[in-house]
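Okay, here's what each chain looks like letter by letter:
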Amino acid sequence: MIDVHTHLHPPKLFAAIRRWFAERSTWDVSAQPTEPADVAAALRAAGVERFVFFSYAHKPGIAADLNAWLTAASRAIGGYGLPLATVHLDDATYLEDLRAALDAGCIGLKVHEDVQRLAVDDSRFDPVYETLAGRGAFLLVHVGPIPWEYPRDTGAARVERVLERHPDLNVVVAHFGVPDTLRYFALMGRHPHLHLDTTMVFAANSPVGGQSRFDPALIEGHAERVLYGTDFPNIPYPYSNEREGIEHLGLSPAALHAILRGNAARLIARAGASEAMPNGPAKRP
């Protein structure tokens, strides 16, 4: 497997995120690791070949430091985890921050609309997306306040505007595009670089779950646009649940391979990162 949706954060930020879960949600994620070496060890033990991770600049003035920490964390675990950059549009140097992060080893950008209070189709992102497309990097976007509900079609409309302005940009929409999954599937016919990740959708007992809502034949028909993701370690259930849920869909071996590994390997390679999994020991950054 290649997991394209995991979290690593600097210690103080991760502690604040865990406090948020403890105080404002019913999710118990306290047993999951937070140290990069420990997260990497858990993913290796689960059979993950490579993983993509990120943090997010939830306010101006911190993106450059976060990117430096993310790339250092990747180096400390031997490149087993591949980082996505973060930027904040209220920073005067946000484009320079992105370029520096890509130069340092980031393979794309994560945008979290709800946490960052930024809309993915904000025109200030245009030079960012042009840079990503030009370098073969991809955009992973958390649209709206998923896993909480939001008005249907609004997020998909913003993503569509991005794709119309930047047709060569690979865009991965997190959480299977819930609740607009069918809208995204329809958009795929016009936008060949649109993808969805599976994060928290197919795992048993997931707060976002309920794989029965999706027709397996529809997923099979779009398997080349679906990537495996989990949200680890911010999940209130065992890591294996996501893969098990996908396997229970009854997809063909080719579709299952594409979702669990092949599609992510293609995006990683396009971004200039080696597909081979490093075997060196994990170290603490």
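Look above for the structure.
It is worth spelling out helix H1 (residues 11-24) at this point. When the terminal C-alpha atoms of H1 are compared, their 20 Å separation across 14 residues agrees well with the 20 Å that a helix rising 1.5 Å per residue should span. Among all positions in H1, only Leu13, Phe14, Ile17, Arg18 and Phe21 are buried. Projected down its long axis, H1 carries its buried residues within an arc of 140°, all on one side. Relative to its buried face, H1 has exposed residues pointing more than 90 degrees away, namely Pro11, Lys12, Ala22, Glu23 and Arg24.

In this fold, His166 is placed in the loop between helix H7 (154-165) and strand E6 (170-173). With 85 residues separating them in the primary sequence, His166 and Gly81 have C-alpha atoms 27 Å apart. When residues no more than four places from it in sequence are discounted, the contact partners of His166 are Asp126, Tyr129 and Glu130.

So, about the pattern of salt bridges. One pass over the full model with this rule turns up 11 salt bridges. With a shortest N-O distance of 2.6 Å, Glu113 and Arg158 are connected by a salt bridge. With a gap of 45 residues between them, Glu113 in helix H5 (residues 113-116) and Arg158 in helix H7 connect regions that are remote in the sequence. Here Glu113 and Arg158 have matching classes, each one buried. Between Arg161 and Asp121 there is a salt bridge, with the nearest N and O atoms lying 2.7 Å from each other. Within this pair, whereas Arg161 is found in helix H7, its partner Asp121 is found in the loop between H5 and helix H6 (126-135), the two being separated by 40 residues in sequence. On the basis of relative accessibility, which here comes to 37%, the residue Arg161 falls in the partly exposed class. Residue Asp121 is classed as buried on the basis of its relative accessible area of 15%. Salt bridges linked by common partners bring Asp90, Asp122 and Arg124 together as one network.

The step from Val178 to Pro179 runs through a cis peptide bond, and the omega angle for that step is 5°. Here Pro179 is to be found in the loop between E6 and helix H8 (181-187). Note the cis peptide between Phe232 and Pro233, where omega equals 5°. Looking at the secondary structure, you find Pro233 in the loop between strand E8 (226-227) and helix H10 (240-247). Backbone geometry places His175, a non-glycine residue, at a positive phi of 60°. Along the polypeptide, His175 turns up in the loop between E6 and H8. Take His175: its relative accessible area is 1%, and that puts it in the buried class. Positive phi is not limited to glycine here, since Phe176 has a value of about 60°. Looking at the element boundaries, Phe176 is found in the loop between E6 and H8. Among the residues examined, Phe176 registers a relative accessible area of 0% and is labelled buried.

Basis of the calculations
- Residues numbered from 1 in each chain as written.
- Predicted model: local features only at pLDDT ≥ 70, side-chain atom pairs only at ≥ 80, totals over all residues.
- Heavy atoms only, no water.
- Helix = DSSP H or I, 4+ residues; strand = E, 2+ residues; numbered from the N terminus.
- Expected span 1.5 Å × (residues − 1).
- Buried < 20%, exposed > 50% of the residue type's maximum accessible area, 1.4 Å probe, protein only.
- Arc of directions from axis to C-beta.
- Contact = heavy atoms within 4.5 Å.
- Salt bridge = Lys/Arg side-chain N within 4 Å of Asp/Glu carboxyl O.

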